[in-house]
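Descriptive analysis of the structure
Listed here are the chains, written in short residue letters.
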Amino acid sequence: MACAWAHALYIIENHVSMMDISFLQQIDEAVLLWLNGSDSAYLDAAVMTFTSGLTWIPLYVALLYLVIKNSENMPQFALILLGVLVTMLLSAGLADFIAKPYVARWRPTNDPMLKYSIDVVGNYRESPYGFFSGHAANTMAVAVFFAQLVRNRALSIALVVWSLICCWTRLYLGVHYPSDILVGLVWGCVSALIGYFCYRKLYFAIKPRLRYVSSQYTSTGYSHQDIDVVLLTMAVLLLYVSFSPIIPWF
């Protein structure tokens, strides 16, 4: 009798679990289809420019400039690069080399059950699998790491908004489900915090804990003028994205 009850309970729990997963998948697909694509050729082109990693190379150069200009010495600069390296290896490594091949969840644009319902821009379908989003993980990892490192509100907000817009472009293009994006964002935050923790532990092992009190510098010693260079670079790149679909030489 006890075995029969246990078996019945197992069947009920399994059935409810399957219903929950199915319901979540339906929500995932519904949100994706709501955000996917448009009838605007201009927006299609702008999104393709925004989502390209090549577009943001000047931003990475500007962040490198910020670190070089404000590092006290070569050891500090090397430790920051080590923290960035740890952050990116965790965020990109888990997404691209472990999660995607082993979870093997189809991207919406490649899913045999859904790909004909997706609005595809310029036959942009990406690699077969999409869980979880490397774009979400990597951009949020950059945003959180530099938010912790620099401690400037304007830069932190700008980088987080940049990451979230990048995530939206992945949904617009139909190459990720919302759940792919959410997991990527969470893992990006975790990766950045681990990378920053490694930098911080090593740095304060060789240097005293200093807190800068100045109108010219953040509490961690970063010049507001140099931060403005990064923000200006982001603004120029956004203008580039905005005008690239309508000005051929862009």
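Anything mentioned here points back to the structure above.
Figured I'd write up the structure that's included with this text. Nothing here was measured: the structure is a model prediction, and the numbers come from that model.

In terms of helices and strands, the protein carries eight helices and zero strands. Residues counted as buried form 40% of the 250 residues belonging to the protein. Approximately 13900 Å² of the protein is accessible, and the part contributed by carbon and sulfur atoms is 70%.

Another point: the nonpolar core. If you look at the biggest cluster of nonpolar residues, it comprises 43 residues, and the most contacted ones within it are Leu59, Phe146, Leu149, Val150, Leu159 and Trp162. Breaking this core down by element, the ones donating at least two residues are helix H2 (41-51), helix H3 (57-70), helix H4 (74-103), helix H5 (134-150), helix H6 (153-172), helix H7 (178-206) and helix H8 (224-243). The biggest single contributor to this core is H5, with 10 residues. Excluding anything up to four places from it in sequence, Leu149 contacts Val67, Ile80, Tyr196, Tyr199, Thr220 and Tyr222. Counting residues in each nonpolar core, the second largest holds six residues, with Val121, Tyr124, Leu173 and Val175 among its members.

This next bit is on the side chain of Thr55. Locating Thr55 in the fold gives a position in the loop between H2 and H3. Within the local environment of Thr55, its side chain forms a polar contact with the backbone oxygen of Thr49, the two atoms lying 2.5 Å apart.

Between H2 and H8, the least distance of the axes is 8 Å, while the angle of their chain directions is 145 degrees. Across the interface between the two elements, Tyr42, Ala46, Thr49 and Phe50 of H2 pack against Leu238, Tyr240, Val241 and Ser242 of H8.

What follows deals with the packing of H3 against H4. For the pair H3 and H4, interaxial distance at closest approach is 9 Å and the crossing angle is 150 degrees. Put simply, H3 runs roughly antiparallel to H4. When you trace H3 past H4, the crossing you get is right-handed. For the pair H3 and H4, contact is made by Leu64, Val67, Ile68 and Asn70 and by Gln76, Phe77, Ile80 and Leu81, respectively. Looking at side-chain class alone, the contact of H3 with H4 contains six nonpolar, two polar and no charged residues.

Take the state of the cysteines next. Working definition: the covalent bond between the sulfur atoms of two cysteines is a disulfide. Applying the stated criterion across every chain yields a total of zero disulfides. Free of any disulfide, Cys166 has its nearest neighbouring cysteine sulfur in Cys167, separated by 6.1 Å. Judged by its relative accessible area of 3%, Cys166 falls in the buried class. Its sulfur unpaired, Cys189 is 10.0 Å from the next cysteine sulfur, which belongs to Cys167.

Moving on, we come to the packing of aromatic side chains. In total, this model carries 11 aromatic pairs according to the counting rule given. Taking 6.0 Å as the distance between ring centres and 85 degrees as the angle between the ring planes, the aromatic pair formed by Phe131 and Phe132 counts as edge-to-face. Geometrically, the ring pair formed by Tyr199 and Tyr203 is stacked, given 5.6 Å between the ring centres and 15 degrees between the ring planes. Taken together, the positions of Tyr199 and Tyr203, both in helix H7 and four residues apart, correspond to about one turn of that helix. In terms of burial, Tyr199 and Tyr203 fall into one category: buried. Feature note: the residues Phe145, Phe146, Tyr196, Tyr199, Tyr203 and Phe204 constitute an aromatic cluster, connected by ring pairs.

We now examine unusual backbone geometry. Cis geometry is adopted by the peptide bond preceding Phe132, which originates at Phe131 and carries an omega value of 0 degrees. In this structure, Phe132 sits in the loop between H4 and H5. Although it is not a glycine, Asn123 sits at a positive phi angle of roughly 55 degrees. Residue placement: Asn123 occurs in the loop between H4 and H5. The phi dihedral of Glu126 is positive, around 65 degrees, even though this residue is not glycine. Its place among the elements puts Glu126 in the loop between H4 and H5.

So, how was this worked out
Residues numbered from 1 in each chain as written. Predicted model: local features only at pLDDT ≥ 70, side-chain atom pairs only at ≥ 80, totals over all residues. Heavy atoms only, no water. Helix = DSSP H or I, 4+ residues; strand = E, 2+ residues; numbered from the N terminus. Buried < 20%, exposed > 50% of the residue type's maximum accessible area, 1.4 Å probe, protein only. Areas by Shrake-Rupley, 256 points an atom, 1.4 Å probe, with all protein chains shown as cover. Core = buried A, V, L, I, M, F, W, Y, C linked by side-chain atoms within 4.5 Å. Contact = heavy atoms within 4.5 Å. Polar contact = N/O pair within 3.5 Å; in protein donor to acceptor, adjacent residues only side chain to side chain. Axes fitted to C-alpha atoms, helices over the stretch in contact; angles between N-to-C directions. Parallel < 35°, antiparallel > 145°, perpendicular 65-115°, else oblique. Left-handed = near helix turned anticlockwise from the far one by under 90°. Nonpolar A, V, L, I, M, F, W, Y, C, P; charged D, E, K, R; others polar. Disulfide = S-S within 2.5 Å. Phe/Tyr/Trp six-rings, centres within 6.5 Å; stacked < 30°, edge-to-face > 60°.

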